[in-house]
Amino acid sequence: MRKMIPINMPLIGQEEIKAVTRVLKGGMLTGRFGSGPMAKQFEGDFAKFFKTKHAVAVNSGTAALHMALWAAGVKAGDEVILPSFTFIATAEVVALIGAKPVFADIKQNTYNIDPDKLEAAITRKTKAVIPVDLYGLPAEIDRIKEIADKHNLILVEDAAQAHGASYRGKNPGYFADVACWSFYASKNMTTGEGGMVTTNNDEYARKLRLIKSHGETEEYKASVLGHNYRMPEIEASIGIVQLKQLPVFAAKRRKNAEDLTERLDGFEQLVLPVEPRGCRSSWYLYTVRIRKGSVEDRDRIVEGLRNKGVGATVYYPTPIHQMAYYQQFGTYHLPNTEKVAQKVFSLPVHPAVTPENIQYIARAVEVAVKNCID
Ligand SMILES: *Cc1c(COP(=O)(O)O)cnc(C)c1O
C-alpha cells in the first residue's frame, strides 16, 4: 500500500533536537515559581512575533482557554457564547469554570461563528464570547469586538489553529481581550503539548501569571486560587525554534492550499474553502464540503481517500451541542452547524506535503467523489 500522507504532522529538525538536549544537559527542566528561562524567552519571542504586549506560556491550549476565562472573572452561573462547530476544548473550559456554554450557529461559507447569531444569543447572564478561528480562518473579529464592547462582554479568541493567520493585516488577538493558542503536535507550530495566552491588558497578564503557578505572589504563599499550568523547559526550547520557522511553514501551507484550490477549482461536486476579503488563513486545515450527498456518502469518500493513502479527516463529525455531556446545557437547533458537520472533510496541506502530493491528492479526491456521488 502507498504510504499515508497524514492530515498534519510535527516537523522536527536538528535544531529542536539540539535545543532539547541542551535543556536536558543543563538540568533545569521547569521553572518552579512562574516561567523558567526557556519559557521566558519563548514568551518574549512570541509576544514580539505576534506584536502583543504580553505572552504567558502554559502547558496546553486547553489550559490557556481555561485560564483566560478564569482570569477574566467568568464564574459559575455566567453564560459564555461560542460556536458548537469547534474542538471540544472550547466548550469544555466554560463547563470547567461552572459557567454555561451557549452555542451560536456558524456561517456556511467560513465555518465561523455568525456575529448576528452571536448577538441574538446574548442575555443578562452573558459574560464572555469565544469566537474560534476555525481551520485557521479568522472569525469576523472586528464585528464581534463591536458587539462585545456594546454589551460589555469579555472577548476571548480561540486562536489554537490560527498561527500565521491575519485579519485586516492584524494578527489573531489584536481585536480580542485575550487570545489562546495551542502547540499540540498537529498544530501549525508545536511543542508536543503546550499553549500560550496573549493579551495587551496588564491586569489580565498579572492574573494569568498568578493562576498558572498556584496563585503564588510569593513562593509558598497563594493569594488567589490557581493551578499548575506551567510550560516545561523542554517544550519551551522546542517552541523557540518552531516559532522561528513559522513564516516558512505558513508559506508552504499557503502554497499547497492555493495549488490544491487551483486543481480542484471547477469540480462542481465540491465547495472549496474561501478567504473572505481582508482574511488570511493559516491553512491549518484545507476543508472542503460535498454539495450534494449524505453523511454516508461523505464517510465513504473519506474512506476511499484513506485507502489511497490520503489522510483525509473529518473535523468535526459531531457538533458539541449534540455530544452526550453537553446536552445538559440545552436543546439547540443550529442548521448550518448540523448541515456542514455531515458534509465536510479536510485534506493535507502541511509543509511536508510536496507539489507531487498535491497533484496526487487532487486526482484522488476527484475519483473518490465521483465513485461515491453520481
Ligand atoms: C487544539 C485546539 C484546542 C486545544 O488545544 P490543546 O493544546 O490540544 O489543549 C482548543 N481549541 C481549538 C479550536 C483547537 O484546535
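In the block above lies the structure referred to throughout.
This text gives an overview of the structure that appears in the document. (Residues numbered from 1 in each chain as written. Predicted model: local features only at pLDDT ≥ 70, side-chain atom pairs only at ≥ 80, totals over all residues. Heavy atoms only, no water.)

Let's shift gears to the overall build of the protein. Looking only at helices and strands, one finds eleven helices and 14 strands in the protein. A compact globule built from 374 residues would reach a C-alpha radius of gyration of about 21 Å, and the protein, at 21 Å, matches this within 12%. Projecting the C-alpha coordinates of the protein onto the three principal axes gives extents of approximately 65 × 55 × 35 Å. The long-range share in the protein, meaning contacts at least 24 apart out of those at least 6 apart in sequence, stands at 72%. (Helix = DSSP H or I, 4+ residues; strand = E, 2+ residues; numbered from the N terminus. Rg over C-alpha atoms; globule rule 2.2 N^0.38 Å. Contact = heavy atoms within 4.5 Å.)

For the rest of this paragraph, the subject is the pattern of salt bridges. Evaluation of the coordinates by the stated rule reveals 17 salt bridges. A salt bridge links Lys150 to Glu119; its shortest N-O distance comes to 2.9 Å. Within this pair, whereas Lys150 is found in helix α6 (residues 141-150), its partner Glu119 is found in helix α5 (residues 115-120), the two being separated by 31 residues in sequence. Here Glu275 makes a salt bridge to Arg254, at a shortest N to O gap of 2.7 Å. Here Arg254 lies in helix α8 (residues 233-264) and Glu275 lies in the loop between β11 (270-271) and β12 (279-280), a separation of 21 residues in the sequence. With relative accessibility at 13%, the residue Arg254 sits in the buried group. (Salt bridge = Lys/Arg side-chain N within 4 Å of Asp/Glu carboxyl O. Buried < 20%, exposed > 50% of the residue type's maximum accessible area, 1.4 Å probe, protein only.)

Another point: the nonpolar core. In this structure, Tyr286, Leu305, Phe345 and Leu347 are the most contacted members of the largest nonpolar core, which totals 44 residues. Contributing elements (two or more residues each) for this core: α8, β13 (286-290), α9 (295-307), α10 (335-341), β14 (344-347) and α11 (355-372). When residues of this core are assigned to domains, at least three map to each of domain 1 (14-241) and domain 2 (247-373). Among residues more than four places away in sequence, those in contact with Phe345 are Leu270, Tyr286, Thr287, Val288, Ile290, Arg298, Ile301, Val302, Leu305, Ala312, Thr313 and Val314. Ala64, Met67, Val93 and Phe103 belong to the second largest nonpolar core, which has 37 residues in total. (Core = buried A, V, L, I, M, F, W, Y, C linked by side-chain atoms within 4.5 Å. Domains from an automatic or database assignment.)

For the rest of this paragraph, the subject is the environment of Val340. Structurally, the position occupied by Val340 is in helix α10. What makes Val340 buried here is its relative accessible area of 0%. Considering only alpha carbons, one finds Val340 and Leu153, 187 residues apart in sequence, at a separation of 28 Å.

Turning our eyes to something else, we now look at the sheet that holds β13. A sheet is described by the order of its strands in space; here three strands give the open sequence β11-β13-β14, paired in antiparallel fashion. The sheet terminates laterally at β11 and β14, the two strands that pair on one side only. Taken strand by strand, α8 contacts β13 and β14, and its axis lies near 25° from that of β13. (Pairing = 2+ DSSP bridges. Axes fitted to C-alpha atoms, helices over the stretch in contact; angles between N-to-C directions.)

This part takes up the site of the ligand. By nearness alone, 16 residues border the ligand, and Gly61, Thr62, Gln161, Ser182 and Lys187 come closest of all. Between a nitrogen atom of the ligand and a side-chain N or O atom of Asp158, the distance comes to 2.8 Å. Looking at the shell around the ligand, the elements with two or more residues in it are α3 (61-71) and α4 (89-97). The element best represented in the shell around the ligand is α3, accounting for three residues. (Near = heavy atom within 4 Å. Polar contact = N/O pair within 3.5 Å; in protein donor to acceptor, adjacent residues only side chain to side chain.)

This part takes up the sheet that holds strand β5 (residues 154-158). The strand order β1-β8-β7-β5-β4-β2-β3 describes an open sheet built from seven strands, whose pairing is mixed. For this open sheet the edge positions go to β1 (54-58) and β3 (100-104), each flanked by a neighbour on one side alone. Going from strand to strand, the sheet's axes swing by 25° on average, the running direction of each strand aside. As paired strands, β5 and strand β7 (residues 178-182) are joined by three bridges and run parallel to one another.

Running from N to C, helix α2 (residues 37-49) and α8 cross one another at 25°; their axes reach a closest spacing of 7 Å. By the angle class used here, α2 and α8 are roughly parallel. As α2 runs across α8, the sense of the crossing is left-handed. Judged by residue contacts, Pro37, Met38, Ala39, Gln41, Phe42, Asp45, Phe46 and Phe49 of α2 engage Glu233, Ala236, Ser237, Gly239, Ile240, Leu243, Leu246 and Pro247 from α8. Partitioned by chemical class, the residues of the contact of α2 with α8 number eleven nonpolar, three polar and two charged. (Parallel < 35°, antiparallel > 145°, perpendicular 65-115°, else oblique. Left-handed = near helix turned anticlockwise from the far one by under 90°. Nonpolar A, V, L, I, M, F, W, Y, C, P; charged D, E, K, R; others polar.)

Purely geometric stuff here, so don't read any function into it on its own.
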